[in-house]
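Coordinates in review
Okay, here's what each chain looks like letter by letter:
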Amino acid sequence: MYISRECLEQFTPAYPIEQFAPWEEILFLDIETTGFSPAATQLYLIGLADFHDGKWYLQQLMAESPQEEKALLVRFSEMLEKYSAVIHYNGSRFDISYLMRKAEKYEVDLPLDSLQSIDLYRQISPWRDRLGLPDCRQRTVEEFMGLHREDPYNGGELIQFYKAYVDQPDNQIRDMLMQHNRDDMKGLLAILPMLSYGDILRKLPKIRKAAMVRTKNHRGEAVYELTMEMTLKSALPQTLSLQYDGIFLLAEDAKLLLRVPVLDGELKYYYSNYKNYYYIPALDAAYHKSVASFAEKEYREQATAATCYTRRRGYFLKQFSPVVEPYYKSDLKDSVSWFEITADTKKNKELFQKYAEHLITQIIQNT
């Protein structure tokens, strides 16, 4: 078995992984095999990265022949005791299950399933379309972040090189195999900031500043919009710009900005207990029967759900579910509603925080 170990002098996680576990208890993992089926292929390299003695280290364990596969697993198993979390890329579908199947074959105790598992692929893949990624391969994500690899090969291309190495060991081929895994491991560490996109939803940011500002629409008309500025828990690798139903979200570095059009107009407030109201057509409004009963019968009619409303003119903000009440609509059947910006709502920080969280969730889920 060949073992390589190096200190990653310049590496410091650019993302707060301590939320998963203390640094000393986190293990980064990537494996190299001669195929996808554990029953028909061989595990030949395990790449690991961990933190101890105040520094991050990369260690690679390589089986130089198929006969060393069990010894490779035994050595790996002996190392796992001190870890409580493992970070990988698509390991939930491949690396972890492959290792567990191999361990079962050789009757090696491999407690991987007892560790907290953080799969970067599963965290990043929901953002593929929003970030304009052509696919979600690790190498693609690295390129998105502007990272450069020394290794020109993919795992499949290296299978023949490993078989050639087994037949006739050669240090140059071995170094090629190690370099590929080394780049995989360093890439795994480098793309950690991609987790920041998912944190926008998981850890909804707090509003730092909110203001109603006067601007111009695409027709050059003077309009109002609400802007809300927030600070993210960690910086994003690349700018995120999303738009949904006229509402804009822009996230750059560790800042997030929401721009929400303000409706300056008239909307309807619908009463729920319409059976207790009369609709007055001449006034285009509904009044409680205790009041409207004084009107002549020919000037009133029993209100229906669609006519049981009163009108309200003011400044309004759109919401996709009734987060803020009272809420108003243009029509009873409208799927969106609006709430009024009043002197009281302007002072209500909790209301705008709840509203901002509502908008962020809606924009991300619908784009």
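This text gives an overview of the structure that appears in the document.

**Quick notes on the overall build of the chain**
- In terms of regular secondary structure, the chain is built from 11 helices and 17 strands.
- Seen through its C-alpha atoms, the chain measures out along the principal axes to roughly 105 × 40 × 35 Å.
- In the chain, which comprises 367 residues, the share counted as buried stands at 47%.
- Put simply, of all contacts in the chain between residues at least 6 apart along the chain, 66% involve residues at least 24 apart.
- Just so you have it, the chain exposes about 19,100 Å², and 48% of that area is on carbon and sulfur atoms.
- Between the averaged position of the 45 positive side-chain charges in the chain and that of its 52 negative side-chain charges there is a distance of 10 Å.

**Structural notes on the sheet that holds strand 17 (residues 337-340)**
- Strand order in the open sheet formed by three strands is 12-16-17, and the pairing between neighbours is antiparallel. Whereas interior strands pair on both sides, the edge strands pair on one side only; in this sheet they are strand 12 (263-270) and strand 17. Looking at each pair of strands side by side, their axes are set apart by 70° on average, direction ignored.
- Sheet strands in contact with helix 11 (residues 349-365) are strand 16 (309-319) and strand 17, and its direction is about 70° off that of strand 16.

**Quick word on the sheet that holds strand 13 (residues 277-280)**
- Overall, antiparallel pairing links the three strands, which are arranged 14-13-15 in an open sheet. Each edge of the sheet is formed by a strand with only one pairing partner; in this case those strands are strand 14 (285-288) and strand 15 (301-302).

**What to know about helix 8 (residues 195-202)**
- With six of eight residues buried, helix 8 is to be regarded as a mostly interior element.
- Within helix 8, burial applies to Leu195, Ser196, Tyr197, Gly198, Asp199 and Ile200.
- The elements touched by buried residues of helix 8 are helix 3 (120-124), helix 4 (128-131), helix 5 (138-144), strand 9 (240-244), strand 11 (255-261) and helix 11.

**Notes on the packing of helix 6 (residues 159-167) against helix 7 (residues 171-190)**
- Running from amino to carboxyl end, helix 6 crosses helix 7 at an angle of 145°, the nearest separation of the two axes being 9 Å. Pair helix 6 / helix 7 crosses with left-handed handedness. Along the contact surface, helix 6 presents Phe161, Tyr162, Ala164 and Tyr165, while helix 7 presents Ile173, Arg174, Met176 and Leu177.

**Here we look at the packing of aromatic side chains**
- For the structure shown, the criterion picks out 20 aromatic pairs.
- Between Tyr269 and Tyr271, the aromatic rings sit 5.4 Å apart at their centres with planes inclined by 90°, giving edge-to-face as the arrangement.
- Judged by its relative accessible area of 29%, Tyr269 falls in the partly exposed class.
- On the basis of relative accessibility, which here comes to 23%, the residue Tyr271 falls in the partly exposed class.
- Seen in terms of ring centroids, Tyr279 and Tyr309 are 6.1 Å apart; in terms of plane orientation they differ by 55°. Their pairing is tilted. Note that Tyr279 is positioned in strand 13 and Tyr309 in strand 16, a separation of 30 residues in sequence.
- Overall, Tyr279 belongs to the buried group, its relative accessible area being 11%.
- Here Tyr309 falls in the buried class, since its relative accessible area comes to 5%.
- Of the aromatic side chains, those joined through ring pairs into one cluster are Phe11, Trp23, Phe28, Phe51 and Trp56.
- Here the guanidinium or amino end of Arg130 rests over the ring plane of Trp127, the centre of that ring lying 4.8 Å away.

**Side note on the side chain of Arg182**
- Along the chain, Arg182 turns up in helix 7.
- A distance of 2.9 Å separates polar atoms of two side chains, one belonging to Arg182 and the other to Gln179.
- Once residues lying within four places of it in the same chain are set aside, the contact partners of Arg182 are Ser4, Glu6, Leu58 and Gln60.

**Quick word on the environment of Glu252**
- Mapped onto the elements of the fold, Glu252 is located in strand 10 (residues 247-252).
- Of the residues examined, Glu252 reaches a relative accessible area of 42% and is grouped as partly exposed.
- Of the polar contacts made by the side chain of Glu252, one reaches the side chain of Thr239; its length is 3.4 Å.

Criteria and thresholds
- Residues numbered from 1 in each chain as written.
- Predicted model: local features only at pLDDT ≥ 70, side-chain atom pairs only at ≥ 80, totals over all residues.
- Heavy atoms only, no water.
- Helix = DSSP H or I, 4+ residues; strand = E, 2+ residues; numbered from the N terminus.
- Buried < 20%, exposed > 50% of the residue type's maximum accessible area, 1.4 Å probe, protein only.
- Contact = heavy atoms within 4.5 Å.
- Areas by Shrake-Rupley, 256 points an atom, 1.4 Å probe, with all protein chains shown as cover.
- Lys, Arg positive; Asp, Glu negative; His and termini not counted.
- Charge placed at Lys NZ, Arg CZ, Asp CG, Glu CD.
- Pairing = 2+ DSSP bridges.
- Axes fitted to C-alpha atoms, helices over the stretch in contact; angles between N-to-C directions.
- Left-handed = near helix turned anticlockwise from the far one by under 90°.
- Phe/Tyr/Trp six-rings, centres within 6.5 Å; stacked < 30°, edge-to-face > 60°.
- Lys NZ or Arg CZ within 6 Å of the ring centre and 35° of its normal.
- Polar contact = N/O pair within 3.5 Å; in protein donor to acceptor, adjacent residues only side chain to side chain.

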